[in-house]
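Structural overview
Given next are the chains, with one letter for each unit.
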Amino acid sequence: MRQLKTSIVVAIAVITGIIVLVGYFIELPVLKNLRIMLLHFAVILIAVTLIVGVVNLVQVHWKKIQNRQSGGVYSLILLISLLVTIIVVGYFGPTSTPSLWIFSNIQIPIASSLIAVLTVVLIYTGIRLLKRGFNFFSLLFMVTVLIVILGTVSFQGFRIPGLRELSTWITQVPAVGGARGILLGVALGTIATGMRVLMGSDRPYGR
Amino acid sequence: MNYLDYLYIVDRGIQGLGFVLIFFFVMIISAIIVRRRDKPFIREIPTYSKLKQSISLAVESGQRLHLSLGSGGINSMQGGSALAGLSLLKRLYRMTYLSDRPPVATSGEGTIGILSRDSIRSVYEEVGVMEEYEPTTGQVSGLTPEPYIAGTLLVILDQHVSTNILMGNYNSGIALLADAGERRGCLTVAGSDNITAQAVGYVFTEDLLVGEELFASGAYIQPSTMHVASLHTQDFFRWGIVAVILVAGALKLAGVM
Amino acid sequence: MSNDIKPNSGTSPENGKEFEKSGEVQKSTTGQSFQDSSSDNETGQEKKTPDWLDDAIPDEKTSDNVAEKSLMQDFHEDVEESADDPSDREVEEKDLPEPVKGEQEEDTIEVQAGPLVGVEGVLPVELDPFFIHEPVRRSIKLQVTKAQETQALLLDQMIKGEIESQPEVTQSKAVSNNILRIGIAIFLLVSILLPLSTRLPVTITPPVSRDSVSANQLIESISDGATVLLTVDYEPGLSAEMDAALASVVDRMMMKDFYLVLVSTVPTGPVQAERLLVLLNQRGGYQYESSKNYTNLGYMPGGPIGLLNFAEAPRQVMPYDLDGNAVWYSPPLQTISSISDFHLVVVATENPDRARSWVEQVQPKLGNTPIIMVVSRQAEPLVRPYYGSEPSQIQGLVSGFGGGAFYLSSNAQAGSSSMYWSSINLALIAGGLLMLIGAVMYTGKSLITRKPE
């Protein structure tokens, strides 16, 4: 019985994937309509999973509070904030003044400060990069970072000849070329992963 | 729609679909060849060797593994890295389900959160110890990138994590996760399909999975035939793309194209 | 003194009687016999042993044979008895180990002197000079091979490692790391706040950005009152940079009275867009109102899938605005039936993947409608190829603070981009300087401590 269930699940996944894939390349009216319908279902499901994600978040933090684990206070604050935000935004509307106040005065400062901490951490690790290992690639990395940073700044009357051009060349030629190569590899990996899912040999959806 | 329109549609479709079909057949052929060999012929990736060691050490020392699946969802190209992470999650759980502290999986997107819980549950079902299954071992720690990073930081700092595996779609916030791991003395293995995250990861950890190495976990940890075959297929197409780029570049330089 | 030295086991009745008979006499006899024997020894002629001892001791001539025979006889009898039962079979004489055999041979040694002369099976009185020698000196040092020694040492170290408590990660190292981080933070803060607080005459002009020039020219070429699709697709964390860059473009569009249709593929996007318009209303003195000057369609789920759907059928995918009004059947949106009917599409994002999704999923459906990207500095290298391709898939590109600042200056305007440009420059220099110092320090350290090969 379980095997039959698994087989049905796999069959649905495979057939759906094939319809969407073929429908994307060959725009026959029947296939196109079927593809659009399936994609609409997918979009609705993805929107619903957003709510499921919120529920899961609440579950995890509630459990943390119940079990009196370390950091339980922060979980309590999280749950209270969630509740207050849902009430305010639900009652007044997402673009109302109270909602914008919460967004401008709480969410944006917190998110921005996380990015600020990130900046400090990146500089700190950049300083210690060569401590980890003095090798050619670490040195090249550091030199590239310094060239790009110094090539970006612009002081009136202060300009190192060629530095900006070098910085622009680095960001637009080798960096982009390398990035494209990596992205091509990632794309091939993604195709392979998708192919395994379509073939049923890789099942991220359980057994 | 007349005959010419129909032909255009089919012609354009054939190019794309043809690529996918060729990929499929090369994978099948590779799988047949791989099955005939005794040992899979793939190069060593030191990061995966270190990861296998650290998994064993974590089980023995009663510490926890943390697998972070990123904030990409299956509705985009970032879904590939998320699926790769899910595949690794299952393998991890098969190796460590009886540990004192089973691995914890965090994700930054609802669909991946659901799939991670489903994957963990399926492993417990498979081995027949459903009573050990804890739903909170697969958790959504944030629904957008920054809250996800903040939530995952709490997991790394509070839950006796010995090994951090960051495999998925990240932005530059991966730096904070790697830094937290370093503060805790964890081994951090990072891999992302995002270029910025890879650049940042290079600075933070020696155990970085670059590019498609992220998708190779299934061939190195509890390898399966199809995973190894897909690696060979990727290699085949990579060389093909290199050849096409070189030929096209040469033709362009020569003024032919 | 023991008298039961005879090799025969047990006492025969005869001997026993005689023993009893001479029991009382035994003591005196013994004493006497000793004396007698000693006296006998001295004389060498008279009888050596007392009578009772003679009886007990077998004949000299036959003593060896008799003794051995009787012993072996008993042995063989025992062997025969157990011969039938293999499990009880005892070890045969030939299978006896040498020391046992040797013991048996020693039993036949006859005492040659002393009171027990002629008696066999006793420790000899005479000291055989050959047995007297210095004991062989044997080394008490353990004989081990090199490999065994190494392994034993390894085992010892492993055990010691388990027993000894490991020292904790030095607090001083953790403290010094924190001090360094705090120092970096303070240094950056000072460099950012210095131009703002002191109003130093540090005039920094933003670099010339041809991409921003193209974007500006494109917007200027569109007639006033046009309908523009504006996408706010960036996360709150980078809103500082993105708001500054996008504000310069949106400000220009508001000046030309464009009707803005807002949409987002990020959950916080609609609120971000709303906030931006409120800020620009305050700063620029505009009176932009929802449904009158702009429509906020809200969050579009599904990522690239949602984008593709929207590009193909915007009315079906996003039929209502955030307030729940059906907006596509009233002006000005009633003239918009597909995405190519918009006069311009502006996409603001910090994520290069999202930028790519817009270019790959939506741009093919745009037809002649131009698209402008407003991106963060980190995404610019990956988005630029779409701008620089032939034919270009993006018609304008404004990147980061610099692009936004130049955009403003080209319109003879001032805004947050130009205000913070000096601070950004100083902060970049501060960060670069710190990394340079670190690089020099650690390079020097590794060169000095590197051992000569």
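Described below are features of the structure shown in this document.

Calculation criteria
Residues numbered from 1 in each chain as written. Chains lettered and ligands numbered in written order. Predicted model: local features only at pLDDT ≥ 70, side-chain atom pairs only at ≥ 80, totals over all residues. Helix = DSSP H or I, 4+ residues; strand = E, 2+ residues; numbered from the N terminus. Rg over C-alpha atoms; globule rule 2.2 N^0.38 Å. Buried ≥ 20, exposed ≤ 12 C-beta atoms within 10 Å, placed from the backbone. Contact = placed C-beta atoms within 7 Å. Nonpolar A, V, L, I, M, F, W, Y, C, P; charged D, E, K, R; others polar. Right-handed = clockwise from strand over helix to strand, strands pointing away. Pairing = 2+ DSSP bridges. Axes fitted to C-alpha atoms, helices over the stretch in contact; angles between N-to-C directions. Parallel < 35°, antiparallel > 145°, perpendicular 65-115°, else oblique. Left-handed = near helix turned anticlockwise from the far one by under 90°. Expected span 1.5 Å × (residues − 1).

Counting its regular elements, chain A contains eight helices and zero strands. Relative to the compact-globule value of 17 Å for 207 residues, chain A shows a C-alpha radius of gyration of 26 Å, a clear excess of over 25%. Along the first, second and third principal axes, the C-alpha set of chain A runs to 75 × 50 × 40 Å. Relative to its 207 residues, chain A shows a buried fraction of 26%. Contacts in chain A between residues at least 24 apart in sequence constitute 18% of all its contacts with a sequence separation of at least 6.

Turning next to the overall build of chain C. When helices and strands are counted, chain C shows 16 helices and six strands. Taking all 453 residues of chain C together, 32% fall into the buried category. Here the analysis covers contacts within chain C between residues at least 6 apart in sequence; of these, 71% occur between residues at least 24 apart.

This brings us to the interface of chain C and chain B. Facing the 14 residues of chain C at the interface are 13 residues of chain B. Mapped by element, the contributors of at least two residues to the side of chain C that touches chain B are α11 (304-312) and α13 (352-362) of chain C. Taken together, the residues of the side of chain C that touches chain B break down into six nonpolar, six polar and two charged.

What follows is about the pairing of strand β1 (residues 227-233) of chain C. Burial analysis of β1(C) places six of its seven residues in the buried class, which makes it a mostly covered element. This β-α-β element, β1(C) to helix α9 (residues 239-255) of chain C to strand β2 (residues 259-264) of chain C, shows right-handed connectivity.

With that settled, the discussion passes to the interface of chain A and chain B. With 50 residues of chain A at the interface, the matching set in chain B holds 60 residues. The greatest single-element share of the side of chain A that touches chain B, amounting to 15 residues, is contributed by helix α8 (residues 174-199) of chain A. Taken together, the residues of the side of chain A that touches chain B break down into 30 nonpolar, 15 polar and five charged.

Right, let's get into the sheet that holds strand β1 (residues 64-70) of chain B. All names here are of chain B. Across the sheet, which stays open at both edges, the six strands sit in the order β3-β2-β1-β4-β5-β6 with parallel pairing between neighbours. Edge positions in the sheet fall to β3 (138-140) and β6 (208-209), since each of these pairs with one other strand and no more. Both β1 and strand β4 (residues 161-169) contribute to a ladder of six bridges, which runs parallel. Across the sheet, the residue bridging to His 66 is Asn 164, located in β4. Against the sheet, helix α2 (residues 46-61) touches β1, β4, β5 (187-192) and β6, its axis set at about 135 degrees to β4.

Residue and element names in this part refer to chain A. Packing of helix α6 (residues 136-152) against helix α7 (residues 163-172) brings their axes to within 8 Å, and their N-to-C directions diverge by 120 degrees. Between α6 and α7, the interaxial angle falls into the category oblique. The chirality of how α6 crosses α7 is left-handed. Side by side, α6 and α7 meet where Thr 144, Ile 147, Val 148, Leu 150, Gly 151 and Thr 152 of the first sit next to Leu 163, Arg 164, Leu 166, Ser 167, Thr 168, Ile 170 and Thr 171 of the second. Of the residues in the contact of α6 with α7, the class split is six nonpolar, six polar and one charged.

This brings us to helix α4 (residues 110-127) of chain B. Between its terminal C-alpha atoms α4(B) stretches 27 Å, which fits the 26 Å expected from 18 residues at 1.5 Å a residue. Within α4(B), burial applies to B:Gly110, B:Thr111, B:Ile112, B:Gly113, B:Leu115, B:Ser116, B:Arg117, B:Ser119, B:Ile120 and B:Val123. Buried residues in α4(B) make contact with α2 (29-66) of chain A together with β1, α3 (79-96), β2 (104-107) and β3 of chain B.

Residue and element names in this part refer to chain A. Interaxial distance between helix α3 (residues 72-92) and helix α4 (residues 97-127) falls to 8 Å at its minimum, and their mutual angle equals 145 degrees. For the pair formed by α3 and α4, the contact residues are Thr 85, Val 88, Val 89 and Phe 92 on the first element and Pro 98, Ser 99 and Ile 102 on the second. Residues of the contact of α3 with α4, tallied by class, amount to five nonpolar, two polar and no charged.

Further remarks concern the sheet that holds strand β4 (residues 344-349) of chain C. All names here are of chain C. One open sheet holds the six strands; their spatial order is β3-β2-β1-β4-β5-β6, and the pairing between them is parallel. Every other strand in the sheet has two partners, leaving β3 (294-299) and β6 (396-399) as the edge strands with one partner each. Each adjacent strand pair in this sheet contributes to an overall mean axis angle of 15 degrees, direction not counted. Taken together, the six bridges between β1 and β4 define a ladder with parallel strand orientation. Its bridge partner lying in β4, Leu 230 is registered against Val 346. Lying over the sheet, helix α10 (residues 269-284) contacts β1, β2 and β3, oriented at roughly 155 degrees with respect to β3.

So, on to unusual backbone geometry. Residue C:Pro332 is bonded to the preceding C:Pro331 through a cis peptide linkage, with omega at -5 degrees. Mapped onto the fold, C:Pro332 is located in the loop between α12 (314-317) and β4. Positive phi is not limited to glycine here, since B:His160 has a value of about 50 degrees. Structurally, B:His160 can be placed in the loop between α5 (145-158) and β4. A count of 14 C-beta atoms within 10 Å places B:His160 in the partly exposed class. The phi angle at C:Asp257 is positive, at roughly 60 degrees, despite the residue not being glycine. Tracing the backbone shows C:Asp257 in the loop between α9 and β2.

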